Amino acid sequence: MFLDPYHTPADVGFRISAQQASDFAKRVAGDFNPIHDAGARRFCVPGDLLFALVLSRFGLSRHMDFRFRSMVGDGILLHVEEKESGQLVVRDDEGKQYLEVGREGDTSLDAAVIEAFTRCYVSFSGKNFPHVLKPLLESRGVMFNPKRPLVIYDSMGFSLDRLDLVDPCLELVDSSLEVIGKRGDVRLEFRIIDRGRPVGSGSKKLVVSGLSDYDPAAMDDIVAEFYRLKSAYEGTHQA
């Protein structure tokens, strides 16, 4: 299973080490956000890895909503609880909730379908910065703190017309940024395509904290560092 290297099963749940999370972010998502680096002071597990693990265990439903409640740190023992309503909750031993998942409609447990959808969504999600966020922030004249960039995965949802997916991909349809003081709410609307035909749609919300006036030079430095890290990683991890 392609997620095996990125988590460790435990007695009644699983753990994700900082290194496993960092490897997933870079290898699978192409995400070089420093908050996912194993040695980061404010390290957190990528939300997309939690998303992927939930799908691998409980399947892909036609309608799903994911709400991220807290950031997961290094090595926390996590459990997935299934409620009578079908809702899923990812929590730790103390009951702290990290992710809530709502689901409706038919569900596919086909491993090939789940992996194909997971990979296409995670690949799309990993391209949020700089491809989408940079021009969006620039258009509104704001940016995150270059010394402490913080972009938080808030929620995501999608609906599928069918589940017999073979080669799905996601296309960005629209993006918007609402500025509320020092906070920015980013919404990304996407279309799900399979074998050239639309099969569903969805949206994702991100929260950008610590907004300040847009600084072109500072943003250029951040983007250059992103590509430097990407190039360095790929140069030492050739397939």
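Structure shown above.
Keep in mind the model is a prediction, meaning the values are calculated, not measured.

Engineer: Please give an account of the pairing of strand E10 (residues 183-194) that cites residues and values.
Structural biologist: For strand E9 (residues 168-180) and E10, the ladder comprises 12 bridges, and the chain directions are antiparallel. Its bridge partner lying in E10, Cys169 is registered against Ile193. As consecutive antiparallel partners, E9 and E10 are separated by 2 residues, and within that stretch Gly181 has a phi angle of approximately 65 degrees, a positive value. Pairing analysis gives 11 bridges linking E10 to strand E11 (residues 197-208), with the strands arranged antiparallel. In the strand pairing of E11, Leu188 is matched with Lys204.

Engineer: Please give an account of unusual backbone geometry that cites residues and values.
Structural biologist: Cis geometry is adopted by the peptide bond preceding Pro130, which originates at Phe129 and carries an omega value of 5 degrees. With respect to the helices and strands, the residue Pro130 is situated in helix H4 (residues 128-140). Positioned with a positive phi, Arg195 is a non-glycine residue whose angle comes to about 50 degrees. Locating Arg195 in the fold gives a position in the loop between E10 and E11. Exposure remark for Arg195: the relative accessible area of 48% places this residue in the partly exposed category.

Engineer: Requested: an account of the side chain of Asp48, with residues and values cited.
Structural biologist: Relative to the assigned elements, Asp48 resides in helix H2 (residues 47-58). As a buried residue without a salt bridge, Asp48 has its nearest oppositely charged side chain in Lys204, at a separation of 4.7 Å. Here the side chain of Asp48 touches Ser125 through a polar contact of 2.7 Å, side chain to side chain. Leaving out residues up to four positions away in the same chain, Asp48 has contacts with Phe24, Tyr121, Val122, Ser125 and Tyr153.

Engineer: A description of helix H1 (residues 18-27) should follow, citing residues and the corresponding values.
Structural biologist: Among the 10 residues that make up H1, 8 are buried, leaving the element largely enclosed by the rest of the structure. Within H1 the residues assigned to the buried category are Ala18, Gln20, Ala21, Ser22, Asp23, Phe24, Ala25 and Lys26. Next to the buried residues of H1 lie strand E1 (8-9), strand E2 (14-15), H2, helix H3 (111-126) and helix H5 (216-236).

Conventions we followed
Residues numbered from 1 in each chain as written. Predicted model: local features only at pLDDT ≥ 70, side-chain atom pairs only at ≥ 80, totals over all residues. Heavy atoms only, no water. Pairing = 2+ DSSP bridges. Helix = DSSP H or I, 4+ residues; strand = E, 2+ residues; numbered from the N terminus. Buried < 20%, exposed > 50% of the residue type's maximum accessible area, 1.4 Å probe, protein only. Lys, Arg positive; Asp, Glu negative; His and termini not counted. Salt bridge = Lys/Arg side-chain N within 4 Å of Asp/Glu carboxyl O. Polar contact = N/O pair within 3.5 Å; in protein donor to acceptor, adjacent residues only side chain to side chain. Contact = heavy atoms within 4.5 Å.

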